[in-house]
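Residues per chain, in single letters:
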Amino acid sequence: MEQTHSSHNGAATTTPGAQRRILVVEDDPTIVDAIAARLRAEGFQVQTAGDGPAAVDTAQAWQPDLLVLDVMLPGFDGLEVCRRVQATRPVPVLMLTARDDETDMLVGLGVGADDYMTKPFSMRELAARVHVLLRRVERAALAAHTPRSGILRLGELEIDHAQRRVRVRGVDVHLTPTEFDLLVCLANTPRAVLSREQLLAEVWDWADASGTRTVDSHIKALRRKIGAERIRTVHGVGYALETPAP
């Protein structure tokens, strides 16, 4: 396993990634080296692991701020890594998959991944996604200390901004940070249709339309948790949060 490194470029220490720790879990040496090099250039500290057990051990010992995690790994797969790491300490996870299979993506989101990318991908986009995930964590921490008053109730759906909790018919529903932000974005304008591009820009800070499938997969994962009937698809446009008529 690779030792901790940080960028020696003097400018890197002033980048948004300065001092943040990222664990890259990937068994292909060419890919892991490329990802690690790009993230170090962004100012992050990076460690790598090449199999499931090493990833879990490193995450426990090093306490990274984010995982870039491949699905297919020796030992046990990335889904199991995600489960074990998230069970002890919540950490944002960007999952990588070689298969353009939506089922795999939904399973990954279901075990606690916050976002995914399908290989091959550009290093520019990967770096952008990493920055977005870390900003979301910062926003969540800030929101916890500067809570909005009250709880938003939309029929049987309750959204507690202060505690970042969601309940359906009084029962807590576990959402990932990304799913929570997506739901809040839809709930801010209930019944109004938001395009995939709008959601991508608001929730992911990502303006590239190539990422709209990410929105679709997160919507499907969210529907499974809060009820499919609560999110309406407007084909060719986007999505709207359905609420009881006033």
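Residues numbered from 1 in each chain as written. Predicted model: local features only at pLDDT ≥ 70, side-chain atom pairs only at ≥ 80, totals over all residues. Heavy atoms only, no water.

1. Some points on the overall build of the protein
Working step 1: The number of helices and strands found in the protein is 8 helices and 12 strands.
Working step 2: For the protein, the residues scored as buried account for 51% of the 246 residues in total.
Working step 3: The long-range share in the protein, meaning contacts at least 24 apart out of those at least 6 apart in sequence, stands at 63%.
Working step 4: In the structure as shown, the protein presents an accessible area of about 11400 Å², 53% of it carried by carbon and sulfur atoms. (Helix = DSSP H or I, 4+ residues; strand = E, 2+ residues; numbered from the N terminus. Buried < 20%, exposed > 50% of the residue type's maximum accessible area, 1.4 Å probe, protein only. Contact = heavy atoms within 4.5 Å. Areas by Shrake-Rupley, 256 points an atom, 1.4 Å probe, with all protein chains shown as cover.)

2. Observations regarding the side chain of Asp-216
Working step 1: You can see Asp-216 is positioned in helix H8 (residues 212–226).
Working step 2: Take Asp-216: its relative accessible area is 16%, and that puts it in the buried class.
Working step 3: Engagement of the side chain of Asp-216 in a polar contact is seen with the side chain of Arg-196, the distance being 2.7 Å.
Working step 4: If near-sequence neighbours (up to four positions away) are discounted, Asp-216 is found in contact with Arg-196 and Tyr-239. (Polar contact = N/O pair within 3.5 Å; in protein donor to acceptor, adjacent residues only side chain to side chain.)

3. A short note on the pairing of strand E12 (residues 238–241)
Working step 1: In this sheet, E12 lies alongside strand E10 (residues 194–195) in antiparallel orientation, the contact comprising 2 bridges. Bridging across to E12, Ser-195 finds its partner in Gly-238.
Working step 2: Inspection of the sheet shows strand E11 (residues 231–234) paired to E12 by 4 bridges, in the antiparallel sense. Residue Arg-232 lies in a different strand from E12, and its bridge partner there is Ala-240.
Working step 3: Between E11 and E12, which pair antiparallel and follow one another directly, the connecting turn spans 3 residues, one of which, Gly-236, has a positive phi of 80°. (Pairing = 2+ DSSP bridges.)

4. Section: the environment of Gly-50
Working step 1: You can see Gly-50 is positioned in the loop between strand E2 (45–49) and helix H2 (52–62).
Working step 2: Residue Gly-50 is classed as partly exposed on the basis of its relative accessible area of 32%.
Working step 3: In sequence terms Gly-50 and Leu-73 are 23 residues apart; their C-alpha atoms lie 7.3 Å from each other.

5. Regarding the sheet that holds strand E5 (residues 115–118)
Working step 1: In space, the 5 strands of this open sheet follow the order E2-E1-E3-E4-E5, with parallel pairing throughout. In this open sheet, the two strands that pair with only one neighbour each are E2 and E5. Direction aside, the axes of adjacent strands within the sheet are offset by 20° on average.
Working step 2: In terms of strand pairing, strand E1 (residues 21–25) meets strand E3 (residues 66–70) through 4 bridges, oriented parallel. Along E3, the bridge assignment pairs Ile-22 with Leu-66. (Axes fitted to C-alpha atoms, helices over the stretch in contact; angles between N-to-C directions.)

6. So, the pattern of salt bridges
Working step 1: All told, the structure shown has 18 salt bridges when counted by the stated rule.
Working step 2: Between Asp-70 and Lys-119 there is a salt bridge, and its shortest N-O distance comes to 3.2 Å. Of the two residues, Asp-70 is situated in strand E3 and Lys-119 in the loop between E5 and helix H5 (123–145); the sequence distance between them amounts to 49 residues. Neither Asp-70 nor Lys-119 differs from the other in exposure class; each is buried.
Working step 3: When the shortest N-O distance is used, the salt bridge between Glu-80 and Arg-83 registers 3.3 Å. Of the two residues, Glu-80 and Arg-83 both sit in helix H3 (residues 78–88), 3 residues apart, roughly one turn of that helix.
Working step 4: Connected via shared salt-bridge partners are Arg-153, Glu-158, Arg-165, Arg-167 and Asp-172. (Salt bridge = Lys/Arg side-chain N within 4 Å of Asp/Glu carboxyl O.)

7. Remarks on H3
Working step 1: Of all the residues in H3, the buried ones are Gly-78, Leu-79, Val-81, Cys-82 and Val-85. One face of H3 carries all of its buried residues, which in axial projection span an arc of 155°. For H3, the exposed residues lying more than 90 degrees away from the buried face are Ala-87 and Thr-88. (Arc of directions from axis to C-beta.)

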